[in-house]
Amino acid sequence: MTRSILQDEKVCYLCPRSFGLEKHHILSGVANRRLSEKYGLWVYLCQEHHTGKKGAQYEKDLNRLLKQQAQIAFEAIHGHDLWMKVFRKNYL
């Protein structure tokens, strides 16, 4: 498992919960999930923030915010050109 480039501690990325955590790959789809894993573009989310009614799986604004934060973190390490080459979409 690749280390997340967005968080260091094992708590929900969006709240202080440290129980019932689920790994959320920020970019979805089979190919993008693999790339999220490869580049550390994932975070821990509690069940409510992951698959709950207003969780990242269903809430478009939250999902976009996580993608923007992932792009910022990725580009700080690898640059914008590689982001566009790998993911082909600008969320910023």
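Enquirer: What's the story with the environment of His78 in this structure? I'm lost.
Expert: Here His78 is to be found in helix α3 (residues 60-78). Note on His78: relative accessible area 37%, which makes it partly exposed. Residues His78 and Tyr39, spaced 39 residues apart in sequence, show a C-alpha to C-alpha distance of 9.8 Å.

Enquirer: For this particular structure, what's the right way to read the environment of Ser18?
Expert: In this fold, Ser18 is placed in the segment before β1 (21-25). The spacing of Ser18 and Cys46 is 28 residues in sequence and 7.6 Å in space, taken between C-alpha atoms. Sequence-distant contacts of Ser18, that is, excluding residues within four places in its chain, are made with Lys10 and Val11.

Enquirer: Would you mind showing me how to read helix α4 (residues 80-87) here?
Expert: Working note: α-helix, 3.6 residues per turn, so residues spaced by three or four point in the same direction. Here α4 has its buried residues at Trp83, Val86 and Phe87. All buried residues of α4 lie within an arc of 75 degrees about the axis, which places them on one face of the element. Among the exposed residues of α4, those oriented more than 90 degrees off its buried face are Asp81 and Lys85. The elements touched by buried residues of α4 are α1 (30-39) and α3. Looking at the residues trailing α4, positive phi occurs at Arg88, about 60 degrees.

Basis of the calculations
- Residues numbered from 1 in each chain as written.
- Predicted model: local features only at pLDDT ≥ 70, side-chain atom pairs only at ≥ 80, totals over all residues.
- Heavy atoms only, no water.
- Helix = DSSP H or I, 4+ residues; strand = E, 2+ residues; numbered from the N terminus.
- Buried < 20%, exposed > 50% of the residue type's maximum accessible area, 1.4 Å probe, protein only.
- Contact = heavy atoms within 4.5 Å.
- Arc of directions from axis to C-beta.

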